[in-house]
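# Understanding the architecture of this molecule
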Amino acid sequence: MQATVATARCGATSTEHVTAVRRIGGIVNEASDKRELSHPDLYVGRGDTVELLGMRCSACGHVAFPRQRYGCEKCGATGAALVDVDLATDGTLSSFATVYMHQAKNIAAPFVIGEVELDAGPTVRATMVEANDAALAVGVRVAGRLHPAPAADGAAAKFELRFAKAAS
Ligand SMILES: [Zn+2]
């Protein structure tokens, strides 16, 4: 809703308008691909990249993830002040931990959980593509990508967001 209001002032043609809405708020996700996602409410695939479904407070500029409608966690603004934005997943690894044993039998270990400070603002925690931390260090550049998710028996394969060390 807010993105539509924001672009209505620009005088763009209807085609330009749809593109602008998609760029600003992800309301029209024509650019998203057809892969089935484990959490389509949290991220969207766009070719080789993945973007997080975040939000920006138009009152104070605070960018947050995930989207919610309770209010800005910084200034408390609500309603139309909260604008949907898609966030690039480029960021810097700020900490990580290797899990060698998981209580769920269907989750293969070891795996690495990383904490990523996104260039777009929020800090997120996610599974890393790397199965061990040999190539990881605090401060390395990382980016999100869609990775095949472990499938339950008989279930269709899905894709989940994982972070990986960026090619340098
Ligand atoms: Zn705010």
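None of the values given here were measured: they were computed from a predicted structure. (Residues numbered from 1 in each chain as written. Predicted model: local features only at pLDDT ≥ 70, side-chain atom pairs only at ≥ 80, totals over all residues.)

### A few points about the overall build of the protein
Counting secondary structure elements, the protein contains two helices and nine strands. Listed N to C, the secondary structure of the protein is α-α-β-β-β-β-β-β-β-β-β in terms of helices and strands. Scored against the burial criterion, the 168 residues of the protein give a buried share of 21%. Restricting to contacts in the protein with at least 6 residues of sequence separation, those with at least 24 account for 45%. (Helix = DSSP H or I, 4+ residues; strand = E, 2+ residues; numbered from the N terminus. Buried ≥ 20, exposed ≤ 12 C-beta atoms within 10 Å, placed from the backbone. Contact = placed C-beta atoms within 7 Å.)

### Description of the pairing of strand E5 (residues 91–99)
Where E5 and strand E6 (residues 111–118) come together, eight bridges link them in antiparallel fashion. For threonine 92, the partnering residue across the bridge sits in E6 and is glutamate 117. (Pairing = 2+ DSSP bridges.)

### Re the pairing of strand E8 (residues 141–148)
With two bridges joining them, E5 and E8 adopt antiparallel strand pairing. The residue of E8 that forms the bridge with glycine 91 is valine 142. Of the pairings in the sheet, the one linking E8 to strand E9 (residues 159–165) comprises seven bridges and is antiparallel in character. If you follow proline 148 over to E9, its bridge partner there is phenylalanine 159.

### Quick look at the sheet that holds E8
Read from one edge of the open sheet, five strands run E7-E6-E5-E8-E9, paired in antiparallel fashion. Among the strands making up the open sheet, the edge pair consists of strand E7 (123–127) and E9. Averaged over all pairs of adjacent strands, the angle between strand axes in this sheet comes to 30°, irrespective of strand direction. (Axes fitted to C-alpha atoms, helices over the stretch in contact; angles between N-to-C directions.)

### Overview of the environment of alanine 149
Relative to the helices and strands, alanine 149 resides in the loop between E8 and E9. Dropping the residues within four chain positions of it, alanine 149 is found in contact with Ser38, Lys158, Phe159 and Glu160.

### Let's talk about unusual backbone geometry
Residues phenylalanine 65 and proline 66 are joined by a peptide bond in cis, for which omega reads -5°. In this structure, proline 66 sits in the loop between strand E3 (63–64) and strand E4 (82–88).

### Observations concerning the nonpolar core
Ranked by size, the top nonpolar core spans 24 residues in total, and within it Tyr43, Val50, Val116, Ala126, Leu161 and Phe163 carry the most contacts. Taken together, the elements giving at least two residues each to this core come down to strand E1 (43–46), strand E2 (49–57), E4, E5, E6, E7, E8 and E9. It is E2 that provides the largest number of residues to this core, a total of five residues. Taken domain by domain, the makeup of this core includes at least three residues from each of domain 1 (2–87) and domain 2 (91–165). In contact with phenylalanine 163, other than residues within four places in its own chain, are Gly114, Val116, Ala126, Met128, Val129, Val142, Ala143 and Gly144. (Core = buried A, V, L, I, M, F, W, Y, C linked by C-beta atoms within 7 Å. Domains from an automatic or database assignment.)

### Description of the environment of serine 94
One can find serine 94 in strand E5. Judged by the 14 C-beta atoms lying within 10 Å of it, serine 94 falls in the partly exposed class. For the pair serine 94 and valine 116, spaced 22 residues apart in the sequence, the C-alpha separation amounts to 5.7 Å. Serine 94 has contacts with Glu115, Val116, Glu117, Thr123 and Val138, leaving out every residue within four places of it along the chain.

### Observations regarding the environment of threonine 78
The topology assignment puts threonine 78 in the loop between E3 and E4. With 20 residues separating them in the primary sequence, threonine 78 and serine 58 have C-alpha atoms 9.9 Å apart.

### As for the confidence of the model for the protein
Residues at a pLDDT of 70 or more form 78% of the protein, whose mean pLDDT is 82. Across residues 1–30, confidence stays below pLDDT 50; counting only partners more than four residues off in sequence or on other chains, it has 35 contacts. (pLDDT = per-residue confidence, 0-100.)

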